[in-house]
Structure formats: structure tokens, C-alpha cells
Amino acid sequence: MPQRLFIDVHIVQTVPPANVNRDDQGNPKEAVYGGARRSRVSSQAWKRATRKHFDTTVPEPDRATRTRRLTSELAKRIVRDTKLERDKADRLAGALLTRLNLSQGKKASDTAYLLFYGNAQLDTVAALVSGQAHDLAALDDEKLAAELKDLPVADAFSTGHPVGVALFGRMVADIPKLNVDAAVQVAHALSTHETQLEFDYFTAVDDKTEKEETGAGMIGTIAFNSATLYRYATVGFAQLADNLGGDTEAALDALDRFVDSFARSVPTGYQNSFAHRTRPSLVAVVVREDQPVNLVTAFEEPVVSEAGIQAASVRSLAHEYAAARSAWGDVPVHAAATHTFASGKPGATETVEALTEAFGTSVPFDELRSGLRACVSAVLEAQG
Amino acid sequence: MTATGPTTVLLLRLAGPLQAWGDRSAFNRRETRPEPTKSGIVGLLAAAAGRPRHAAIDDLAGLGLGIRVDQAGSLLRDYHTVSDYRGRPLLAAAVNAKGTQRLTGPAKYTHITQRFYLQDAVFLAAIEGPAHFITTLENAVRHPAFPLALGRRSCVPAQPLVLGQRTGPLEEVLRAEPWHVTDAVRKRWGRRNGNAAHVDLPLTLDDPAGDDTREDLPLSFAPTSRAYTSRRVRHTYAAAPTGLTPHPDQPPSTGGHDPFALLGW
């Protein structure tokens, strides 16, 4: 089992006028930091976007789904494996899942809450009965319950967690045995600079207006702001591997895909109004054997726009990283960055130098990921 | 403290954009206290030491705790919605005789929760205990087993978290420590207060004879048997050094009660 090993992901990303994560007034979420008002995107909002992206990249058996229709999902697999009739499979699946004592929902085949499960886990449970499904289906309820009593159904759900659960955790209020503590920690994204809330006043024209009628069909406002966000997440590799049953290869895959999904995803709030999807201008990964280090302190003093905010923000981040490294003397195992600043452009040379000084020469994102994987594997080998 | 032998104090600086220190909230309204709770600090230490949720925590809960409010911050209300992605009505909190949850009636589709955070706050936590144990804990916080959080998972601490060990009584340690705020806040405060050399900061200290209680002493973090009890605390103020040099011609400070000083206004 790996010891202390954390992978910090630092992202600087500019979002144009948008309202990705709104509060009950419909305004973009905000927070005060360093005495200045900042744009904020909650960690939950960005985790959901990451998770959805994550699920599109994972092969089917590793996917995790959040559903209450656990019984029918299991029944489908029993039918697939054994060619049993569907109604018999439903009954068998129901009997299997009663071993979990999940609270039942409104419909008999539903659980009372959304359960985050992995397809591989359901395959395991279905496999428990596949050899004897036809015999079991012929039994009456009482005998069936007795036959199934000793099958390790709960074990199948409490081990071999799907990658999504291993990363993001799971909470089942009345069965703590099924709970999984998340291996990633995601901070709320904050703007590196002070933001003002802006309002877009709009009128909608009624295309069928009679000639005598004047004025708009409706009027309204949408609040928005534009922000260069600092996004931070850290992956506790030891816990990730532990959640995946000690399978470090699977944990390496999960880490790699998480970094990919965290970097590429954007919450979709008000997307059709603002088309705000952007790519990060900087993704930096830092592998540490001591502790995770959040570099948000780089922006406690809000960045002031001179020739744009982006370059000043990443310089500030690079300086904070370098300063923390020299002040505390704890040198990370590995640091690498992918960024979009080119030294050829006027004014960008200083930015590129600061980034290179801190994280090394920019590498394409694919190389960043493969380098990270190689580094973590090497650390694991060294740790034994 | 019932420990024998020399005691030491571990100083932590709890700062970050957001913190959340709930002591009694559950379900839809997750509140925060205006200062860190003992359960939050014990939880942080337990996470650092890599203790699973069901592990015993009496040794950690038995440590003395003092909190100094260096920058009070302000309250942030975060609005949260939960809905069923298939567009179905949500379930009610009540259950019927069979123990199953009913659907909400009239049908409710979006569930709203409120999460409260402290934004832009800085606290000093002084943790007092037997010297060797404190050293172990300091090492654990510097090399935590699980990522640490300021009361809630998404509240990532800003560095530096550990300020190191100090000797002497807990209260003295908190009084001697310089004011941990940014230069901008210090300067702004100085302009309004004639660059006074000291600032009054609120202290909350564990004290069996204290005149106030807190319901935040954890007995167990095990998911099936979470339990808390109360502890007695005492409130006072510490005149912490600001590091500013008062101008000889100006009055040394506002000389009186200035509740806004803490906010850096």
C-alpha cells in the first residue's frame, strides 16, 4: 500500500461573461477573499461536471451510475447471463438486494435514494447466481431467501468500488458499510481578481405583435460576470488505491482520467445563453510525498488588470509556488505544467520564464498526463 | 488536562478562502460557528494522523484547545439544489408504517439546502498536550494521511497551516503570537488606529471553570455512533503585537471598543 502521496492539480482558467453556478437570486456565486469580492464556482458544481466528463471516458464496466433502479439493473444482467425470463430475474434480483437491507422506494423495484454503484459491482452480484439461476427461480420465496442467505452480496458492494466512487466517495445514510470516503478534495473555484456583478437587461420581442401594440413582449435581467478562476484539487493516492481494493494500476488509471476530466470539464449552467466553455490557460500538476499544498494564497491580494488578468495570474501562481518551495524547503517529487503562453509574443516572455522556472518547460497535455503517471509509478516502486 | 510531564503547545493557523465549523447542524441547513469547533480541530488532527472514522479519539479530545480570532471574516450563505435527474418528485422526510419514504405531497421537484461558510477568516488554534504527543501530531499535520480541511471537505486550508511548537501556558502562547493578517489588512487597521502596537483579539479557551459551554467535544466520529458532549470555555481578549510602530505625535489607538477593527475596516 502506498504511503503519503498527494497529487495537486492547479488550474488557471478564464471564463468569459457567464453565469456557470448561480444562487437563489439567479446571480453568479461569489465569495470574499483578501477583502475583495470574487466570483466563485462551488466545488460541488465543478465536481458534477468532472464526474459527467469522467463517465464518458471510462469503459462500460468501470462506469458508475447514480440511480434508484438498482433491482432492474441487476435483473437485466441476470437475464443477459442466464437467459432467464425477465419477471423471474426481477424476483431473483429483488431477493438478492434484500440482503443489503436498502430502504425501498415508492415502486417495489426502486431503492429509496439514489445509489452510486459501479457496473462491475452489479456484474459481480449477478455472477453470484448465474450458475444456478434457473433452479433458484423455481424456489418459493422462503426457500429462495434461505438459499441466498450466505451469498456475499454486501461484500460485492463494499469492495471493488467503481472508479467514480473511489474518487468522489459515496454516502448511504442508513448503511454505513457501503460508505466510501472520497479520495479527491476539490476546492471552490475563486477568481484571482476582484469581480463586479454585471446585469444584462434584455427585452424579448413578440414576433406576432399587432400594429397598434407597442413595447416588448417581456423584459428581464440576467446577472453575469467574467472571471479568471483558480481551480485546485488534490488526490490522496493512498486512499484512492485503498478504495480500489489496493489495485494500484487501477488507481493510476483513475488518477490519469481524473486529471483529464478535471481539466477539460466546465459546468453547463446558462451555457446556451453564454457559450462559456473554455480550456484552461494553465494546468500544473505537483506530486508531493509530504502534504497537499493549495496555492490560493497567491491571489489573496487580488490580481489587478494591466494587460489582461490571465498572464498576471499565472505569474502570481508560479511565484507563490516557488516562494513556498524555498521558504519551507520541501521539494516536491515532480512538477509539470501545460500552458498556452508563447514566449514569442510581446510581453509574454516574462510569464513563460516564471512558469518555466516553477514548473519546467510547458509540455502538451498528453505528455503531462503520461509524465505524471510515470512519476507516480516510480514513487510507488520506490516506496515498495 | 490531566496529563503528567511537560506540556507543549502546537500552533495552527487556520486560514483559507472558506471555512465551515458546524456544531449542531444537520439535514438541510448546514451552519457554521463564528470560530473553529473542538470537533473540527480534533477531526483535522485525526485525519492527519490517518485514523479511520471508528478509531478512538479520546486522546485528541483530551488535549487543551485555545482559539484566537485574528481575522473574523464574514458569513457566506451558499445555495444548493438537489433534484432527481429523471424529473420525478422527491421523497418526503417522513416514513409510513412500513418504514418506507413517501413521495412529497404536493409533489416537490427541487430540494433546497443551505450551506453556511466563513469567508476570509484567519484563526490561530493552540493545542496543548504532552510534549511527545504534540510532536507526533505536528509531524502528522505536516505529513497528513488524508487531505486536511477546515471543517468541511471543500474548505481547503491555505499554507502555512503549522506554525510550530511553543512552550508555556496556552493562554500566554496565544497572547505572545504576532497578529496573523496580510500586510494590506494590517496597514488599513494601522491607519485607523494610529499604528497602535497592540490589537485586541478575542480568545476562547478550554477551562473547566469557564462560564460558557460549547456542544462540540467529540466522543466518536464513527458513522453509526457519532456522539458529542459539552465542554466549558472561557472568553477573554489578547492584546497581540501588531508589528506596527506608533507615531509619537498621534494618539496610540482608538483607546476604546472598536468592534470593526477585527474586520480590517
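Going by the structure above, here's the rest.
So, here is what we can say about the structure in this document. (Residues numbered from 1 in each chain as written. Chains lettered and ligands numbered in written order. Predicted model: local features only at pLDDT ≥ 70, side-chain atom pairs only at ≥ 80, totals over all residues. Heavy atoms only, no water.)

### Describing the side chain of Ser154(B)
- If you trace the backbone, Ser154(B) turns up in the loop between helix H3 (131–142) and strand E8 (162–166).
- Within the local environment of Ser154(B), its side chain forms a polar contact with the side chain of His188(A), the two groups lying 3.1 Å apart.
- Discounting residues that sit within four places of it in the chain, Ser154(B) has contacts with Ser43(A), Val186(A), Ala187(A), His188(A) and Tyr117(B). (Helix = DSSP H or I, 4+ residues; strand = E, 2+ residues; numbered from the N terminus. Polar contact = N/O pair within 3.5 Å; in protein donor to acceptor, adjacent residues only side chain to side chain. Contact = heavy atoms within 4.5 Å.)

### A closer look at a negative patch on the surface
Residue and element names in this part refer to chain A.
- A contiguous patch of negative charge, built from Asp-206, Asp-207, Glu-210, Glu-212 and Glu-213, is present on the exposed surface.
- When you line up the elements, Glu-213 lands in the loop between strand E8 (198–204) and strand E9 (218–236).
- Judged by relative accessible area, which is 52%, Glu-213 ranks as exposed. (Patch = residues over 30% accessible without salt bridge, like charges linked within 9 Å, V, L, I, M, F, W, Y side chains within 5 Å. Areas by Shrake-Rupley, 256 points an atom, 1.4 Å probe, with all protein chains shown as cover. Salt bridge = Lys/Arg side-chain N within 4 Å of Asp/Glu carboxyl O. Lys, Arg positive; Asp, Glu negative; His and termini not counted. Charge placed at Lys NZ, Arg CZ, Asp CG, Glu CD. Buried < 20%, exposed > 50% of the residue type's maximum accessible area, 1.4 Å probe, protein only.)

### A closer look at the environment of Gln119(B)
- Note that Gln119(B) resides in strand E7 (residues 110–130).
- When its relative accessible area of 6% is taken as the criterion, Gln119(B) is described as buried.
- Sequence separation of Gln119(B) and Pro36(B) is 83 residues, and the distance between their C-alpha atoms is 13 Å.
- Contact partners of Gln119(B), with chain neighbours within four places excluded, come to Ala31(A), Val32(A), Pro17(B), Leu18(B), Gly73(B), Ser74(B), Leu75(B) and Leu76(B).

### Overview of the packing of aromatic side chains
- In the structure shown here, the tally under the stated rule is 8 aromatic pairs over all chains.
- On the numbers, 6.2 Å between centres and 90° between planes, the contact of Phe54(A) with Phe168(A) is edge-to-face. In this pair, Phe54(A) is assigned in helix H1 (residues 43–57) and Phe168(A) in helix H8 (residues 163–168), connecting sequence segments 114 residues apart.
- Between Phe258(A) and Phe262(A), the ring centres sit 5.4 Å apart and the planes meet at 15°, which makes this aromatic pair stacked. On the criterion of helical spacing, the pair formed by Phe258(A) and Phe262(A) is a turn pair, its members being 4 residues apart in helix H10 (residues 248–264).
- Here Phe262(A) falls in the buried class, since its relative accessible area comes to 2%.
- Ring-pair connections join several aromatic residues into one group, and the members of that group are Phe54(A), Phe168(A), Phe258(A) and Phe262(A).
- Geometry around Tyr270(A) places Arg22(A) over its ring, the cationic atom sitting 4.5 Å from the centre.
- Here Arg152(B) stacks its cationic end above the ring of Tyr117(B), 4.7 Å away from the centre of that ring. (Phe/Tyr/Trp six-rings, centres within 6.5 Å; stacked < 30°, edge-to-face > 60°. Lys NZ or Arg CZ within 6 Å of the ring centre and 35° of its normal.)

### Observations regarding the packing of H10(A) against helix H14 (residues 365–383) of chain A
Residue and element names in this part refer to chain A.
- Closest axis-to-axis distance for the H10/H14 pair is 10 Å, and the angle between their directions is 150°. Considering their axes alone, H10 and H14 lie roughly antiparallel with respect to each other. Judged by the sense of rotation from one axis to the other, the crossing of H10 with H14 is right-handed. Residues Thr-248, Glu-249, Leu-252, Asp-253, Leu-255, Asp-256, Val-259, Asp-260, Ala-263 and Arg-264 of H10 lie in contact with H14, whose contacting residues are Phe-365, Arg-369, Leu-372, Arg-373, Val-376, Ser-377 and Leu-380.
- A per-class count over the contact of H10 with H14 returns 8 nonpolar, 2 polar and 7 charged. (Axes fitted to C-alpha atoms, helices over the stretch in contact; angles between N-to-C directions. Parallel < 35°, antiparallel > 145°, perpendicular 65-115°, else oblique. Left-handed = near helix turned anticlockwise from the far one by under 90°. Nonpolar A, V, L, I, M, F, W, Y, C, P; charged D, E, K, R; others polar.)

### Some remarks on unusual backbone geometry
- Cis geometry marks the peptide bond from Gln159(B) to Pro160(B), where omega comes out at 0°.
- Mapped onto the secondary structure, Pro160(B) falls in the loop between H3 and E8.
- In this structure, Ala275(A) is a non-glycine residue whose phi angle is positive, near 45°.
- By the secondary structure assignment, Ala275(A) is in the loop between helix H11 (271–274) and strand E10 (282–288).
- Its relative accessible area of 61% is what places Ala275(A) among the exposed residues.
- One non-glycine residue, Asn195(B), adopts positive backbone phi at about 50°.

### Observations concerning the layout of surface pockets
- Empty space within the second largest pocket amounts to approximately 470 Å³.
- Around the second largest pocket, the lining comprises 23 residues; the ones closest to its centre are Gly34(A), Gly35(A), Asp120(B), Val185(B) and Arg188(B).
- With 4 residues, the top contributor of residues to the lining of the second largest pocket is helix H5 (residues 183–192) of chain B.
- The residue makeup of the lining of the second largest pocket, split by class, is 8 nonpolar, 9 polar and 6 charged. (1 Å grid on protein atoms, 1.4 Å probe; cavity = no way out; pocket = protein on both sides within 12 Å on 5 of 7 lines; lining within 4 Å. Points joined across faces, edges and corners; volume = space filled by probe spheres on them.)

### Re the packing of helix H2 (residues 70–82) of chain A against helix H3 (residues 86–97) of chain A
All names here are of chain A.
- Contact pair H2 / H3: the axes reach a minimum separation of 8 Å and the direction vectors enclose 125°. Viewed along their axes, H2 and H3 adopt a mutual orientation that is oblique. Along this stretch, H2 crosses H3, giving a crossing that reads as right-handed. Every residue of H3 that contacts H2 at Leu-70, Thr-71, Ser-72, Leu-74, Ala-75, Lys-76, Ile-78 and Val-79 is listed here: Arg-86, Ala-89, Asp-90, Leu-92, Ala-93, Gly-94, Leu-96 and Leu-97.
- Taken together, the residues that form the contact of H2 with H3 break down as 10 nonpolar, 3 polar and 3 charged.

### A word on empty space enclosed by the protein
- Taken as a whole and judged by the stated rule, the model has 6 cavities of 30 Å³ or more.
- In this structure, the largest cavity occupies an estimated 110 Å³ of space.
- Considering the residues around the largest cavity, the lining is formed by Ala187(A), His188(A), Leu190(A), Tyr230(A), Tyr232(A), Asn294(A), Val296(A), Pro17(B), Leu18(B), Ser154(B), Cys155(B) and Val156(B).
- For the lining of the largest cavity, the secondary-structure elements that each account for two or more residues are E9 of chain A together with strand E1 (7–19) of chain B.
- A per-class count over the lining of the largest cavity returns 9 nonpolar, 3 polar and no charged.
- Each pocket or cavity is described by its volume, and for the second largest cavity that value is around 80 Å³.

### Some words on the nonpolar core
- In terms of nonpolar packing, the biggest core is built from 69 residues, with Phe359(A), Leu12(B), Leu14(B), Leu60(B) and Ile127(B) touching the most fellow members.
- Here this core takes 7 residues from helix H1 (residues 38–48) of chain B, the largest share from any one element.
- In this structure, Leu14(B) is in contact with Gln19(B), Trp21(B), Pro36(B), Ile41(B), Ala121(B), Val122(B), Phe123(B), Ala125(B), Leu150(B) and Leu161(B), ignoring residues within four places of it in sequence.
- In this structure, Val9(A), Ile11(A), Phe54(A) and Val259(A) belong to the second largest nonpolar core, which totals 38 residues. (Core = buried A, V, L, I, M, F, W, Y, C linked by side-chain atoms within 4.5 Å.)

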